[in-house]
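# Tertiary structure, described
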Number of protein chains: 2
Amino acid sequence: MDDKDLEILRLVQRDARLTADTISQEIGLSSPAVQKRLKRLRESGVIERDIAVLSPSRLGREMTIIVDVILERESRRHLDEFKRKMRSARCVQQCYYTTGEADFTLILTVRDIKEYEEFTQEHFFDESNISRFRTSVVMDRVKVSLDVL
Amino acid sequence: MDDKDLEILRLVQRDARLTADTISQEIGLSSPAVQKRLKRLRESGVIERDIAVLSPSRLGREMTIIVDVILERESRRHLDEFKRKMRSARCVQQCYYTTGEADFTLILTVRDIKEYEEFTQEHFFDESNISRFRTSVVMDRVKVSLDVL
DNA sequence: GGTGAAAGAAGCCCTGA
DNA sequence: TCAGGGCTTCTTTCACC
């Protein structure tokens, strides 16, 4: 992993459709050299995967909501159960298990507040292990990126 | 935008390297038909872009931190100024302007707690307009996805 | 890491429904 | 108007230097 690798990563984390040829001109290597590096970076897991970023608003998921959740009992079984549910819930984009005041922070995208209300019914109220949760509605998605470098 | 489009989107939002041929077999269309649809979806902005997802831990950004920030004065000028700073701060992956208790929720990736401490020095303490901030350290990135569908 | 040839995928036009 | 077939062009891959 050298400077050339880092340059490649900086480029593809913003645009994965760049051809090896374009990248090679950008950083001063030959096209096959870039491809060999990309292959290595993928196989070694530095590049985890390539994804298409969809527009939530163009697909009718206008609202982004952030929720802090506090569990009642923080046993291994309850934690794993909650994590499993969040992973399989479609409107949960992100779920973090954290130190501090809340146990979990969730980031959801929903069509409207009604869909969020249904989510809370299913996952918070019908779930005896939720102590409290705090909802924040996102007014501006100021920055949403997965850029690491 | 029909069911076939949605099927295509569901596939490429998880793996943008799928070939049109693979997708076509999956959903029962010809390869050129899939390509036409993908092109249309990109041009119309339903697919915003394609990115490579990098592994934060493999690149030495082991820690994920969630910060809630409350500003002192919530004037237009102060809000825009804060947003601008967060957009350009490298370790800020996501920044949301929200209703509720906090004004902003940030998601950061940093090398270590020292790097976070430097971030707070630069952006919170040397910035007279920050009223309070609350830090949560992520213990488990339970789910991190940008899947919309 | 670079070069060149071969395999493969994408883009385009045209036809047919 | 939109899906499918076939051709062309570009990209990737692999063997070799």
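All figures in this text were calculated on a predicted structure; none of them were measured in a lab. (Residues numbered from 1 in each chain as written. Chains lettered and ligands numbered in written order. Predicted model: local features only at pLDDT ≥ 70, side-chain atom pairs only at ≥ 80, totals over all residues. Heavy atoms only, no water.)

Quick look at the packing of aromatic side chains now. In total, this model carries 12 aromatic pairs over all chains according to the counting rule given. Ring geometry for F119 of chain B versus F124 of chain B: centroids 5.5 Å apart, planes at 80°, classification edge-to-face. Taken individually, F119 of chain B and F124 of chain B each receive the classification buried, so the pair is uniform in this respect. Between the aromatic rings of F125 of chain B and F133 of chain B, the centroid separation amounts to 5.8 Å while the plane-to-plane angle is 70°, which identifies the pairing as edge-to-face. Judged by relative accessible area, which is 52%, F125 of chain B ranks as exposed. Three or more aromatic residues joined by ring pairs form one cluster here, namely Y116, F119, F124, F125 and F133 of chain A. (Phe/Tyr/Trp six-rings, centres within 6.5 Å; stacked < 30°, edge-to-face > 60°. Buried < 20%, exposed > 50% of the residue type's maximum accessible area, 1.4 Å probe, protein only.)

The environment of DNA strand D is made up of T19, A20, P32, Q35 and K39 of chain A together with L29, S30, P32, A33, K36 and R37 of chain B. The sugar-phosphate backbone supplies 59% of the atoms of DNA strand D found within 4 Å of the protein. Contact distances for DNA strand D include 3.2 Å between a phosphate oxygen and a side-chain N or O atom of Q35 of chain A. The separation between a phosphate oxygen of DNA strand D and a polar side-chain atom of R37 of chain B is 2.3 Å. Looking at the surface near DNA strand D, the element that brings in the most residues is helix α3 (residues 31-43) of chain B, giving 4 residues. By residue class, the composition of the surface near DNA strand D is 5 nonpolar, 3 polar and 3 charged. (Near = heavy atom within 4 Å. Polar contact = N/O pair within 3.5 Å; in protein donor to acceptor, adjacent residues only side chain to side chain. Helix = DSSP H or I, 4+ residues; strand = E, 2+ residues; numbered from the N terminus. Nonpolar A, V, L, I, M, F, W, Y, C, P; charged D, E, K, R; others polar.)

Residue and element names in this part refer to chain B. Summarising burial for strand β3 (residues 92-98): 7 of the 7 residues are buried, a large majority. For β3 and strand β4 (residues 104-110), the ladder comprises 5 bridges, and the chain directions are antiparallel. Its bridge partner lying in β4, Y97 is registered against F104. The hairpin formed by β3 and β4 contains 5 residues between the paired strands, and G100 there has a positive phi angle of roughly 95°. (Pairing = 2+ DSSP bridges.)

One ladder, built from 4 bridges, connects strand β3 (residues 92-98) of chain A with strand β5 (residues 130-144) of chain B; its direction is antiparallel. Its bridge partner lying in β5 of chain B, Q94 of chain A is registered against V144 of chain B.

On to the domain arrangement of chain A. Each assigned domain of chain A is listed with its residue range as follows: domain 1 (3-43) and domain 2 (57-137). Taking the mean C-alpha position of each, domain 1 of chain A and domain 2 of chain A sit 38 Å from one another. (Domains from an automatic or database assignment.)

Close to DNA strand C lie L29, S30, P32, A33, K36 and R37 of chain A together with T19, A20, P32, Q35 and K39 of chain B, which account for all nearby residues. Taking S30 of chain A, its side chain carries an N or O atom lying 2.7 Å from a phosphate oxygen of DNA strand C. Here K39 of chain B contributes a side-chain N or O atom positioned 3.2 Å from a phosphate oxygen of DNA strand C. The class makeup of the residues in the surface near DNA strand C is 5 nonpolar, 3 polar and 3 charged.

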